[in-house]
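A look at the structure
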Amino acid sequence: MSVFKKNYSQIYDVLYRNKNYFNEFNFIDRIIKKFNKNSKTILELGCGTGSYTKFFLKKYNVTAVDLSSAMLELAKKKIKNKKVKFLKKNILNYKDKKKKYDIIGTFFDVVSYFKNNKEFDKFLFLSNYNLNKNGLIIFDFWNKEGVLNLKPTKRIKHFETNKYNLIKITDPKWIKKKDIISVNTRVFKINKNYDKFETTEEVHKMRFYQLNKIKNQLKRHNFKFMGWYEIGRKKSVLNKCWSILVVAKKIK
C-alpha cells in the first residue's frame, strides 16, 4: 500500500497541527550555525507539505524534494516564494548535476521510511554527492534503543476543524526480525453536519536504527559524525528518545 495518498495528504496538516515546526526549525538552525555558520543553501529531502520549508526560507535558499504529488501540491499552495524550488523526485535517485548544497536536511523521520540498509546507504551516497565539501547532513529517525524501551502502543486521537471532526487510530505491529514497526493508520473524517463520512487508511512501515550502526555507515560514506540530539532538549538519555536527530559533516 502506498503512503501519503491524496485523501491522507489533505488532512495531514490537521493531524500534525500541534507539532511545533517553528521551535524545531530554530533548534535545527542553531545546530547549523554551530557546525557550518556560513551555510546559505539547503536541499530538503522529503519536504511533505512544506511545514519546515516555510521557516528555512527565512534564512536559506531551499530546493525541496518529495515523491508525493498530493503533498507537493499543498506545499506549493502554502508557499509562494522565489527562494524555493519544489521538485517531484524520488529522494533515493536525486542527483543535482548543476549545483551542490551547504546543507542536506531530511526531517520528521523520513529516513525511517527506507526499506533496508541498501536504501539508507544509497541515501548517504547521494547526499555526499549533492553536498559541498564540509557540508552538513542532518536527519532524524526512529531510535532502536528508545523504541525497544518505550514500546509502541495503540493510540486514538481526536481533531476538530470548523468543517469536520477527525478520529485517528494508529495500531502498530512489530516486525522485529527486520527492525520495523508497521503503523496501521485509520482516519475517520466526519462532516460537522453529520451528513458525510469518509475513511482513510494507510500503512506506514517504519524502520528503527541503532545509533552505532548509523555512525559506521556515515563513516563509510566519508562523513564525520558530529553528534546526536533529541529535538528541543539540551540533554537526553538515548533509551528514552523515540526519535533522534543526527548531524554529520562531509569530509571528502
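For the structure itself, look to the data block above.
Quick summary incoming for the structure in this document.

The rules behind the values
- Sequence order as written defines the numbering, with residues in each chain counted from 1.
- A pLDDT threshold of at least 70 governs which residues receive local features in this predicted model, and a stricter bar of 80 or more applies before side-chain atom pairs are shown or counted, although totals over entire chains, interfaces and linings include all residues.
- Neither water nor hydrogens contribute to the side-chain values; these are computed over all heavy atoms in the structure.
- Helix and strand labels come from DSSP, where a helix needs a run of H or I of at least four residues and a strand needs a run of E of at least two; each type is numbered from the N terminus.
- The atom set for the radius of gyration is the C-alpha atoms, and the globule formula is 2.2 Å times the number of residues raised to the power 0.38.
- Exposed residues in this analysis have more than 50% of their type's maximum accessible area, buried residues have under 20%, and partly exposed residues fall in between, with area computed by a 1.4 Å probe over protein chains only.
- What makes two residues a contact is simply this: any of their non-hydrogen atoms within 4.5 Å.
- Accessible surface area values rest on a Shrake-Rupley calculation with a 1.4 Å probe, where residue burial reflects the displayed protein chains alone.
- The charge count treats Lys and Arg as positive and Asp and Glu as negative. His and the chain ends do not count.
- Charge placement uses NZ in Lys and CZ in Arg. For Asp and Glu, CG and CD serve respectively.
- Salt bridge criterion: a side-chain nitrogen from Lys or Arg within 4 Å of a carboxyl oxygen from Asp or Glu.
- Think of each axis as a best-fit line through the C-alpha atoms, taken over the contacting stretch in the case of a helix, with angles from 0 to 180 degrees between the N-to-C directions.
- Left-handed is the label given to a crossing in which the near helix is rotated counterclockwise from the far helix by less than a right angle, and right-handed is the label when the rotation is clockwise.
- Amino acids outside the nonpolar list (Ala, Val, Leu, Ile, Met, Phe, Trp, Tyr, Cys, Pro) and the charged list (Asp, Glu, Lys, Arg) are all regarded as polar, and Gly is one of them.
- The pocket and cavity definitions rest on a 1 Å grid over protein atoms only: a 1.4 Å probe that fits but cannot leave marks a cavity, an open set with protein on both sides within 12 Å along at least five of seven lines marks a pocket, and residues lining either have an atom within 4 Å of a point.
- Grid points are joined across faces, edges and corners, and a volume is the space filled by probe spheres set on the points.
- By nonpolar core we mean a set of buried residues, namely Ala, Val, Leu, Ile, Met, Phe, Trp, Tyr and Cys, connected to one another through side-chain atoms within 4.5 Å.
- The rule for pairing is simple: two strands pair if DSSP sees at least two bridges between them.
- Handedness of a crossover is defined as follows: orient the strands so they point away from the viewer, and if the path from the first strand over the helix to the second runs clockwise, the crossover is right-handed.

1. Regarding the overall build of the protein
Broken down by element type, the protein carries seven helices and 11 strands. Taken over the C-alpha trace, the protein has a radius of gyration of 18 Å; the compact-globule value for 252 residues is 18 Å, and the two agree within 12%. Projected onto its principal axes, the C-alpha coordinates of the protein cover approximately 60 × 45 × 35 Å. Among the 252 residues that make up the protein, the fraction classed as buried is 50%. Excluding contacts between residues fewer than 6 apart, the proportion of contacts in the protein whose partners are at least 24 apart in sequence is 66%. Accessible area of the protein: about 13800 Å², with a carbon and sulfur share of 49%. Distance from the positive charge centre (59 side chains) to the negative charge centre (21 side chains) of the protein: 6 Å.

2. Remarks on the side chain of D109
Turning to its location among the elements, D109 is positioned in the loop between β4 (101-106) and α5 (117-130). In this structure D109 is buried but unpaired, with K19 as the nearest side chain of opposite charge at 6.5 Å. In this view, D109 contacts D140, F141, W142, M206 and S243; residues no more than four positions away in its chain are not counted.

3. Examining the packing of helix α1 (residues 6-15) against helix α4 (residues 69-78)
It is at 8 Å that the axes of α1 and α4 come closest, and there the two elements cross at 35 degrees. With respect to the hand of their crossing, α1 and α4 are arranged in right-handed fashion. Each of K6, S9, Q10, Y12 and D13 in α1 lies in contact with α4, whose residues at this interface are A70, M71, L74 and K78. For the contact of α1 with α4, a count of residues per class yields four nonpolar, two polar and three charged.

4. Some thoughts on the layout of surface pockets
Taken as a whole, the second largest pocket holds about 170 Å³ of empty space. Considering the residues around the second largest pocket, the lining is formed by T63, K85, L87, K89, Y94, K95, D96, K97, K98, K99 and Y101. Here the lining of the second largest pocket is composed, by residue class, of three nonpolar, one polar and seven charged.

5. Topic: the nonpolar core
I32, F56, F86, I138 and L166 are the most contacted members of the largest nonpolar core, which totals 39 residues. At seven residues, the largest contribution of residues to this core is made by helix α2 (residues 21-35). Discounting residues that sit within four places of it in the chain, F86 has contacts with C47, T53, A64, L72, A75, K76 and I79. Core analysis: the second largest hydrophobic core is formed by 28 residues, L43, L87, I91 and F223 among them.

6. Quick notes on the pairing of strand β3 (residues 84-88)
As paired strands, strand β2 (residues 61-66) and β3 are joined by five bridges and run parallel to one another. Directly across from D66, in β3, lies its bridge partner K88. Handedness of the crossover joining β2 and β3 through α4 is recorded here as right-handed.

7. Overview of empty space enclosed by the protein
In the structure shown here, the tally under the stated rule is one cavity of 30 Å³ or more. Taken as a whole, the largest cavity spans an internal volume of roughly 50 Å³. Contributing elements (two or more residues each) for the lining of the largest cavity: β1 (41-45) and α5. For the lining of the largest cavity, a count of residues per class yields seven nonpolar, two polar and no charged.

8. Description of the environment of F188
Inspection of the secondary structure puts F188 in strand β8 (residues 180-191). Spatially, the C-alpha atoms of F188 and T200 are 6.6 Å apart, while their sequence positions differ by 12 residues. Filtering out sequence-adjacent residues up to four positions away, F188 remains in contact with N165, L166, I167, I169, F197, E198 and T199.

9. Section: the pairing of strand β6 (residues 155-160)
Two strands pair when backbone bridges link them, and β6 and strand β7 (residues 164-175) are joined in this way by six bridges, in the antiparallel orientation. Bridge pairing in β7 places R155 opposite T170. Connecting β6 to the next strand, β7, in antiparallel fashion are three residues.

10. Remarks on the pattern of salt bridges
Following the criterion strictly, the structure yields 13 salt bridges and no others. For K77, the salt bridge is made with E73, and the minimal N-O distance between the two is 3.6 Å. Of the two residues, K77 and E73 both sit in helix α4, four residues apart, roughly one turn of that helix. We classify E73 as partly exposed; its relative accessible area is 45%. For E230, the salt bridge identified is with R233, shortest N-O distance 3.4 Å. Judged by relative accessible area, which is 51%, R233 ranks as exposed. Overlapping salt bridges, with partners in common, bring together D29, K33 and K59 in one network.

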